[in-house]
Amino acid sequence: MPPTPEPPAAVRLENVRRAFRSGKRMITALEGITASAAQGAVTGLIGPDGAGKTTLMRLVAGLLRADAGQIEVLGTDVGREPLAVQARLGYMPQHFGLYEDLTVEENLNLYADLQGVPRSARQERYAQLLHMTGLGPFTARMAGRLSGGMKQKLGLACTLVQPPELLLLDEPTVGVDPVSRRELWEIIGHLTREAHVTVLFSTAYLDEAERCDAVLLIHDGRLLGSGPPGAFTAEMSGRSFYATSGLGRRRLQARLAAAPGVIDAVIQGSHVRVVTAEAHVPDPAALVAEATDLALTPTPPRFEDSFVARLRTRPLPPQSAAVRTPEASASESQRAQSHSGNGVSPEPVIIVHHLTRRFGAFIAVNDVTFSVGRGEIFGLLGANGAGKSTTFRMLCGLLPPSEGELRVSGFDLRTAAATARSRIGYMAQKFSLYSDLSVRQNLRFFSSAYRLEGARQSARIDWAIGEFDLAPMLESSARDLPLGFKQRLALACALMHEPNILFLDEPTSGVDPLARREFWQRINALAESGVTVLVTTHFMEETEYCDRLVIMAQGRVLTEGTPEAIKGAAHRPDRPDPTMEDAFIAVIEAASAKAVA
Amino acid sequence: MKSASLLRLTGLMRKEFVQIGRDPSALAVAFILPAVLLMIFGYGVSLDARNVPLALVVEQPDALTASFTGQFAHSPYFRPRYYLTIQAAERAMAAREVNGVVWLRSDFSRRTLFPGAAPIGLIVNGVDANNARIVEGYVQQVWAQWLTARLGARPYLPAIALEPRVRFNPAVISKDYLIPGLIAMIMTLTGALLTALVIAREWERGTMEALMVTRVQMREILLAKLIPYFVLGMGGMAVAVGLAVFLFGVPLHGSLLVLTATSTLFMLAALGMGLLISGIARNQFVAGQIAIITTFLPAFILSGFVFDINSMPRAVQLLTHIVAARYFVSILQSVFLAGDIWSVILPNAVALAAMAVIFLGLARANARKRLD
Amino acid sequence: MRRQILALILKELLAVLRDPRSRMVLIGPPLIQLLVFGYAATFDLNHVPIAIYDQDHSQASRDLVARFAGSPTFTVKDVLDNDRRMNALIDSRQVQTVLVIDRRFTRDLLTHQAAPVQVILDGRNSNTALLIEGYVNSIVSGFALGWAQEHGARAPPATLDIRARYNATLSSRWFIVPGIVALLTEVETLLVVGLSVAREREMGTFDQLLVTPLRPIDILIGKGLPGLIIGAAEASVVIATAVLWFQVPLRGGLIALYLGLAFFILAITGIGLAISSLVATQQQALLGAFLFLVPSVILSGFATPIANMPGWVQALTLVNPMRYFLVIVRGVFLEGAGLASVASQLWPMALIGAATLAAAGWLFRKRVT
């Protein structure tokens, strides 16, 4: 697979294995990893949370020792001589490893001392780094008071004080806004071109694969594939299509996902994007019986397609592949109409009116207004610190607003009686469950908390166990569940009492693409049956599942509309088919241009 | 190579001092916690019984009984209350209004004519056994004084003149002996707690991971923690000693030099313990819990600061040897109350030095530049 | 009671009991504290090392020395024949006391003069010094009486007849061990209650709770009652150990004891919940609990009497619930106190409980909304 004139490898892993003890069990984090990263290239280490990316990074950095196998970094056995290797590499751990109570300059000084940069050389080096990262004006600011993007760049600058031969970046783009992300990639490109630094870059964002020179795709501690990103997408050529039909995109997507020969079907704008098992155009008529007007247009493959294809062909743990969709409800046709245009649904369930929230002098949410109609999926999109979580918490009644009004089904949840709260379901960030309680005990507790009793309670618990395939781990503590399982349990707990409104805070962060698809499948089905869904996310592509969304930055709503409309606004001659990320950046750039003017 | 190492060390230390300066919680644990604890203990813990409420029951008052009971009225130890019947006095004791009852029966004066025949009843409330013994002792003193005054040189036998001489603390003030012990206890807690918390914090925030992948060596990281927190800990120590001498008026007979030298050894042991704890527990919550359980409790009970080690069961006595505070309590009590007594200071200082070496050595051995 | 609250209590108990770490906190430290306190925390003197300098070398002086050698309180470590090492032995803490029997001892005894015996004590531990003095006193008095009987001498006109109520042998273990019932109940209840809300905040489940139809008051009750159950269970184990293992007599009624316990735990639960509603993380909760525990134990009369404290400190102890419960637990154990005699200690705890619970409820609502 690797290209023929092979450059020397900066990192070589051979049959690497690493396990951790967790209580009485051993958890295998990495198994049989054989891979390499070429000198002077950017190698992406790509996989969902818990795949083993961080363990691999730490092994390469000499922070962990492998249980078995060989790791050679820059020609040295890192297990035997970690110090020799560490002197030649730069490493940025997750969350950037900064001292938040030191200023930008003090952080730089510390790392310069640690890396033995002579004082005479510092001023020049600092000037370069500050120029490159745009941190020049902020040298006296505490690192803790920088924005996420600035922290990321400072973390990077600290690892670069002494120019390293190999740069290890562990999830540097988590929670960072798209503009900063784009800037980071520019810096990385500059480093590899000018300074010939080798970069190993880990990320859970699959769309970043295409920016790397080579990709190592890992999942569940195993290497699923490696090679240039083009090779991954090339395998998939001729297998991806846009499907359109008058059936309504949600229903179409559900039908397509269950159709034979289809390995992936996701909503994208007004179409459904379909990936087939084999490279030939399927017969539209054979796919979905109900959709007689089904049309398929070929579209170029994406990196994610190959990941999904690889996951599908792997022997999966027994799991119902069938998607349970409630039979088309009466609201379907009405929904299809109400969302065909840009119109607001006639029956607003959530109303937010000039909402503002301050923490001291800091304005976290600034004059936010929107409304959500019944049965809509409404998204709040933004980077960490954009104000979406604060808005979300105010809506759930967890935080009082400083100014403005909000209504959920006609109530302010902060002051509403318990009955009002029994109509909403809530799924917190990171799937908060009682980790010491078993799956069954969690279900029982949450159903009781939502006032279910007796036969109805038992019936709902049985429903949840069946619907979410919880039976295999029913007696395990929630702590020991795999992430995807946790996500399902958290959703099950939020749905015990059949709420009309569902609040989802970052509901898919870190889970693998299949679990993500399954999750959205369920949410779509719920929306079909008339449940209103409010969701926050920082995954750009997930907004495709929303009927409407707002993009937030620095506490303000920058734009509101359907995904199509928002992307359409970013349309330019040189960018005929803008992604949501392009749209996001365009919106932010427009907003800062307006601020300047 | 040498100078690069020095550069790293000074860089880390500078960072540490800047952080201490900006972090009120480190300063609070170093200075305010010892001061507050010393105040609470200094004022709260006292074994000196003064103004003990004591019931006096005199069934038939006369000149002789008055001469006896008059002794109590003048004693600083007692606050006498008078009852007519023993039943009333016993009721008062049951209601915890008095701690003891002195009972002179109606035939007391008559029976003093027959040697050895007039019993003075003393009933103490034995619930607080220590306090009861002290009350007993005081009443015995009063009785002995009364006998001597009353009987003068008349040859009653046997008369043994017990002459107690209390070295180092002639007034037998419990505060003077408790406070030096307190200092040892408090400094164990803050010394271990401080280092354990700050290192655990670096683990929690991920900065330790970033540090480890530089050229820095583990001993430099440890030294760079040890030195600033040693300075801070000695500062806390100085505050505690200052409070002891100037606020509580405890005499300091020994030399400051000995006090400083032994404090240094002790602080090294305490910091070594903190370093060791933080190597085992990498989050602040667990590190804090371990620090409190392994330092505060043993230093309170097993250091000989309140409870006499000699009186403990053999197995527990052996256990006290692994408590660093034990040696420091002994040194402090001597240095404050007695002076530079080398026969106490030397063996205990050697023990402290050994503990410092062991803890620091274990901390060093346990601190590898790896995460597993 | 409403079923939701029941579910909340059940969940709380399960969460505590299923987690090995919190199970450890409930079982390990209490056990260690019970044993260490029970055995090590004693004011009784045993095997006090002493040295004897007998200048008299007579039958009488040897008899006196024999009484010291035979006493379990003292261990004769050294016998001196000059005064050179006398102070050094004390200074180096090899002995705690030196008994000097004067050369005129027998002569003065026989000539009916006050026979001098000098006791040199180490004042670095003044409490021990006082206690030793008392023991020496009673051994010497015993010797004098014996001598008087043998030699037909006249005894002094009045003698002290000392009796101790409730604790005839003045065993300090009887004082300390019932105190541990109060101490451990306070520590465990405070930790369970004080950390529970903080733990949920850290894990993010607290938001989840607040979004359910449970009202803040329900959550408060659901958090408080498990503390009551666990505290009472913990206390029962300690009470049983005190009676069965340490052989401390339990003379009073269990009803009075458990009523006192209930009020005590109520007050502690209130304090725990107030701490819980003020903090954001478990670490802050731990620090808060520690900052309350230390003064509360010291200023409770657990080890040293409240009566010895300065007036303003004594006033401070009035808001310390442990102070009241200590009186009850010792009263019931040793004095055989009944309901009537502990009633006066109940209402202050009830008052503290009501005030702290109200404060916790208020803080809780304020933080929640």
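In this numbering scheme, every chain counts its residues from 1 along its sequence in written order. Chain letters start at A and ligand numbers start at 1, both assigned in the order the entries are written. Only residues with pLDDT of at least 70 are given local features in this predicted model, and only at 80 or more are side-chain atom pairs given and counted; all residues enter the totals for whole chains, interfaces and linings. Think of the side-chain values as coming from all heavy atoms in the structure, minus any hydrogens and water.

K.L.:
It is not clear to me how the overall build of chain C should be interpreted in this structure. Could you clarify?
P.N.:
Counting its secondary structure elements, chain C contains 14 helices and five strands. With C-alpha atoms as the basis for the radius of gyration, the globule rule is written as 2.2 Å multiplied by the number of residues raised to the power 0.38. By the compact-globule yardstick of 21 Å for 369 residues, chain C is too spread out, its C-alpha radius of gyration being 28 Å. For the C-alpha atoms alone, the extent of chain C along its principal axes is close to 95 × 45 × 40 Å. Counting the 369 residues in chain C, one finds 61% classified as buried. What makes two residues a contact is simply this: any of their non-hydrogen atoms within 4.5 Å. Within chain C, counting contacts between residues at least 6 apart in sequence, those at least 24 apart form 79% of the total. Numbering of helices and strands runs from the N terminus; a helix is a DSSP stretch of H or I covering at least four residues, while a strand is a stretch of E covering at least two. With a 1.4 Å probe rolled over the protein chains alone, any residue whose accessible area is under 20% of its type maximum counts as buried; one over 50% counts as exposed, and the rest are partly exposed.

K.L.:
Can you walk me through the packing of aromatic side chains in this structure?
P.N.:
The geometry of an aromatic ring pair comes down to the distance between the two centres and the angle between the two planes. Working definition: a ring pair exists when centres of Phe, Tyr or Trp rings (six-membered ring for Trp) sit within 6.5 Å. Plane angles under 30 degrees give stacked, over 60 give edge-to-face, the rest tilted. Tallied over the full model, the rule gives 28 aromatic pairs over all chains. The interplanar angle of 35 degrees and the centroid separation of 6.0 Å between the aromatic rings of Phe392(A) and Tyr426(A) together place this pair among those described as tilted. Of the two residues, Phe392(A) is situated in helix α12 (residues 388-395) and Tyr426(A) in strand β19 (residues 424-427); the sequence distance between them amounts to 34 residues. A residue is classified by how much of its surface remains accessible, and Phe392(A), at 0% relative accessible area, is buried. Relative accessible area serves as the criterion here: at 2%, Tyr426(A) is assigned to the buried category. For the pair Phe445(A) and Phe446(A), a centre-to-centre distance of 5.3 Å together with 65 degrees between the ring planes defines the contact as edge-to-face. The exposure classification of Phe445(A) matches that of Phe446(A), with both residues buried. The rings of Phe68(B), Phe72(B), Tyr77(B), Phe78(B), Phe108(B), Tyr138(B) and Trp146(B) are connected pair by pair, giving a single aromatic cluster. By the criterion adopted, a ring carries a charge over it if an Arg CZ or a Lys NZ lies within 6 Å of its centre and within 35 degrees of its normal. Across the ring face of Phe20(A), the terminal group of Arg18(A) is positioned such that the distance to the ring centre comes to 4.6 Å.

K.L.:
Would you mind showing me how to read the sheet that holds strand β15 (residues 348-359) of chain A here?
P.N.:
Residue and element names in this part refer to chain A. At least two bridges found by DSSP between two strands is the condition for calling them paired. Across the sheet, three strands lie side by side as β16-β15-β18; this open sheet has antiparallel pairing. The sheet terminates laterally at β16 (362-373) and β18 (403-408), the two strands that pair on one side only. Strand-to-strand twist across the sheet, computed as the mean angle between neighbouring axes with direction ignored, equals 15 degrees. Judged from the eight bridges that link them, β15 and β16 form a sheet pairing that is antiparallel. Paired with Leu-355 across the two strands is Val-368, which belongs to β16. All axes here are fitted lines through C-alpha atoms, helices being fitted over the stretch that makes contact, and every angle between N-to-C directions spans 0 to 180 degrees. Where α12 meets the sheet, it contacts β15, β16 and β18, and its direction lies at approximately 120 degrees from that of β15.

K.L.:
What is the right way to read the packing of helix α10 (residues 254-278) of chain C against helix α13 (residues 321-335) of chain C from this model?
P.N.:
Two quantities define a packed helix pair, namely the angle between the axes and the distance from one axis to the other. All names here are of chain C. Where α10 meets α13, the closest approach of the two axes is 10 Å, and the angle between their N-to-C directions is 165 degrees. For the element pair α10 / α13, the angle class is roughly antiparallel. Between α10 and α13 lies a crossing of left-handed hand. The segment α10 lies against α13, with Ala-256, Leu-257, Gly-260, Leu-261, Phe-264, Ala-267, Ile-268 and Ile-271 engaging Pro-321, Met-322, Phe-325, Ile-328, Val-329 and Val-332. Its residues assigned to classes, the contact of α10 with α13 shows 13 nonpolar, one polar and no charged. Angles are sorted into four bins: roughly parallel if under 35 degrees, roughly antiparallel if over 145, roughly perpendicular if 65 to 115, and oblique for all others. Put simply, a crossing is left-handed when the front helix is turned counterclockwise from the back one by less than a right angle, and right-handed when it is turned clockwise. In this count, Pro and Cys sit with the nonpolar residues alongside Ala, Val, Leu, Ile, Met, Phe, Trp and Tyr, while Asp, Glu, Lys and Arg are called charged and the others, Gly among them, polar.

K.L.:
I tried to follow the sheet that holds strand β8 (residues 198-203) of chain A on my own but got confused; where do I start?
P.N.:
All names here are of chain A. With respect to topology, six strands assemble into an open sheet ordered β6-β7-β8-β3-β9-β10, the strand pairing being mixed. Because the sheet does not close on itself, it has two edges, and the strands there are β6 (89-92) and β10 (222-227). On average, each strand axis in the sheet is inclined to that of its neighbour by 15 degrees, with strand direction left out of account. Relative to β10, strand β9 (residues 214-219) runs antiparallel, the two sharing five bridges. Bridge pairing in β10 places His-219 opposite Arg-222. The strands touched by helix α5 (residues 148-159) are β6 and β7 (166-170); relative to β6, the strand with the most contacts, the crossing angle is about 160 degrees.

K.L.:
Sorry if this is basic, but what is going on with empty space enclosed by the protein here?
P.N.:
Where empty space is left becomes clear once a probe the size of a water molecule has been rolled over the atoms. Residues are called lining when one of their atoms sits within 4 Å of a cavity or pocket point, these points coming from a 1 Å grid over the protein atoms alone, where a cavity is a set in which a 1.4 Å probe fits but cannot get out and a pocket is an open set with protein on both sides within 12 Å along at least five of seven lines. Grid points are joined across faces, edges and corners, and a volume is the space filled by probe spheres set on the points. Applying the stated criterion to the full structure yields 15 cavities of 30 Å³ or more. Put simply, the largest cavity is a space of about 460 Å³. Taken together, 22 residues line the largest cavity, and the ones lying closest to its centre are Ile292(B), Leu297(B), Gln33(C), Val187(C) and Leu293(C). For the lining of the largest cavity, the secondary structure elements donating two or more residues are α11 (284-301) of chain B together with α2 (20-40), α7 (172-203) and α11 (282-298) of chain C.

K.L.:
Explanation requested: the nonpolar core in the structure shown.
P.N.:
Burial of nonpolar side chains together is a common tendency in soluble globular proteins. Counting 257 residues, the largest nonpolar core has Val73(A), Phe41(B), Ile183(B) and Phe302(C) as the members making the most contacts within it. If you tally residues by element for this core, the top one is helix α7 (residues 174-205) of chain B, at 18 residues. Among all residues touching Phe41(B), those that are not within four sequence positions of it are Leu182(B), Met185(B), Phe296(B), Phe300(B), Phe305(B), Val294(C) and Ile298(C). Residues grouped as a nonpolar core are buried Ala, Val, Leu, Ile, Met, Phe, Trp, Tyr and Cys residues, joined through side-chain atoms within 4.5 Å. Formed by 91 residues, the second largest nonpolar core is a distinct cluster that contains Val365(A), Cys396(A), Ile461(A) and Ala515(A).

K.L.:
Sorry if this is basic, but what is going on with the pattern of salt bridges here?
P.N.:
A side chain with one charge may pair with a side chain of the opposite charge, provided their charged atoms come close. Any carboxyl oxygen of Asp or Glu within 4 Å of a side-chain nitrogen of Lys or Arg constitutes a salt bridge here. For the structure on display, the rule yields 55 salt bridges over all chains. Notably, a salt bridge pairs Arg22(B) with Glu106(A), separated by 2.7 Å at the nearest N-O pair. Here Arg22(B), found in helix α1 (residues 2-22), pairs with Glu106(A), found in helix α3 (residues 104-114), and the two come from separate chains. Here Glu106(A) falls in the partly exposed class, since its relative accessible area comes to 22%. The structure contains a network of salt bridges with shared partners spanning Arg181(A), Asp207(A), Glu208(A), Arg211(A) and Glu581(A).

K.L.:
What should I look at first to understand a nonpolar patch on the surface in this one?
P.N.:
Residue and element names in this part refer to chain B. The patch calculation keeps residues exceeding 30% relative accessible area without a salt bridge and links them within 9 Å when they carry like charges or within 5 Å when they are nonpolar (Val, Leu, Ile, Met, Phe, Trp, Tyr). To measure how exposed things are, a 1.4 Å probe is used in the Shrake-Rupley method; for residues, cover is taken only from the protein chains shown. Where nonpolar side chains cluster on the molecular surface, the patch consists of Phe-17, Leu-223, Ile-227 and Val-231 and spans about 300 Å² of accessible area. A per-element tally of the nonpolar patch places helix α9 (residues 218-247) first, with three residues. Topologically, Phe-17 is positioned in helix α1.

K.L.:
Just to check I follow, could you spell out the interface of chain B and chain A for this structure?
P.N.:
Interface size is often expressed as the accessible area that is lost when the parts come together. Across the contact, 25 residues belong to chain B and 31 residues belong to chain A. Contact between chain B and chain A buries roughly 2800 Å² in total, counting both sides, with carbon and sulfur atoms accounting for 57%. When two parts are put together, the accessible area they lose, computed with a 1.4 Å probe and summed over both, is reported as buried area. The three residues of chain B that bury the most area against chain A are Arg22(B), Val213(B) and Arg215(B), which together make up 25% of that side's buried surface. On inspection of chain B and its partner chain A, the count reaches three salt bridges. Between Glu209(B) and Arg58(A) there is a salt bridge; the shortest N-O distance is 2.8 Å. Think of a polar contact as two N or O atoms within 3.5 Å of one another; within protein, one of them needs to be a possible hydrogen donor and the other a possible acceptor, and neighboring residues in sequence only count if both atoms come from side chains. The tally of links from chain B across to chain A stands at ten residue pairs in polar contact (both at pLDDT 80 or more). Contributing elements (two or more residues each) for the side of chain B that touches chain A: α1 and α8 (207-212) of chain B. Take the side of chain B that touches chain A: its biggest share by element is nine residues, from α1(B). Class assignment of the residues belonging to the side of chain B that touches chain A gives a composition of nine nonpolar, six polar and ten charged.

K.L.:
Is there a simple way to think about the domain arrangement of chain C in this case?
P.N.:
For the purposes of this description, domain bounds are those given by an automatic or database domain assignment. One can read the domain layout of chain C as domain 1 (3-41 + 171-368) and domain 2 (48-150). One C-alpha centre belongs to domain 1 of chain C, the other to domain 2 of chain C; they are set 47 Å apart.

K.L.:
Teacher, can you tell me more about the interface of chain C and chain B here?
P.N.:
Of the residues lining the interface, 98 residues belong to chain C; the matching set on chain B comes to 98 residues. Taken together, the two surfaces of chain C and chain B that pack against each other cover about 9000 Å², and 64% of this comes from carbon and sulfur. Viewed at the interface, chain B and chain C are joined by one salt bridge. Taking the shortest distance from any N to any O, the salt bridge between Arg96(B) and Glu335(C) comes out at 2.6 Å. At the boundary of chain C and chain B, one finds 16 residue pairs in polar contact (both at pLDDT 80 or more). In terms of residue count, helix α6 (residues 126-150) of chain C provides more of the side of chain C that touches chain B than any other element does, 16 residues in total.

K.L.:
In this structure, what is going on with the state of the cysteines? I would like to understand it.
P.N.:
By definition, a disulfide links two cysteine residues through a covalent bond between their sulfur atoms. Residues and elements named next belong to chain A. When the sulfur atoms of two cysteines come within 2.5 Å, that pair is taken as a disulfide. What the rule picks out here adds up to zero disulfides over all chains. Counting only cysteine sulfurs, Cys-396 is the nearest neighbor of Cys-546, a cysteine outside any disulfide, at a range of 16 Å. A relative accessible area of 1% places Cys-546 in the buried class.

K.L.:
Help me out: how do you make sense of helix α17 (residues 513-528) of chain A in this one?
P.N.:
At 3.6 residues per turn, the α-helix brings residues three or four places apart onto the same side. Residue and element names in this part refer to chain A. A helix is expected to span 1.5 Å for every residue after the first. Helix length check: α17 (16 residues) gives 22 Å between terminal C-alpha atoms against 22 Å at 1.5 Å per residue, within 8%. With 16 of 16 residues buried, α17 lies mostly within the body of the structure. For α17, the N-terminal capping position is held by Asp-512, with its side-chain oxygen 2.9 Å away from the main-chain nitrogen of Leu-514. Just past α17, the residue Gly-530 takes up positive phi, approximately 100 degrees.

K.L.:
Sorry, what's going on with the pairing of β9(A) here?
P.N.:
A regular strand places its side chains so that they alternate between the two faces of the sheet. Counting buried positions along β9(A) gives five out of six residues, so the element sits mostly inside the fold. Adjacent in sequence and paired antiparallel, β9(A) and β10(A) are bridged by two residues, among which Asp220(A) carries a positive phi angle near 55 degrees.

K.L.:
Help me out: how do you make sense of the confidence of the model for chain A in this one?
P.N.:
Close inspection of predicted coordinates is inappropriate for parts of the model with low pLDDT. Considering every residue of chain A, the mean pLDDT works out to 83; 92% of them sit at 70 or more. Across residues 315-345 of chain A, confidence stays below pLDDT 50; counting only partners more than four residues off in sequence or on other chains, it has 39 contacts. The pLDDT value expresses, per residue, how confident the predictor is, ranging between 0 and 100.

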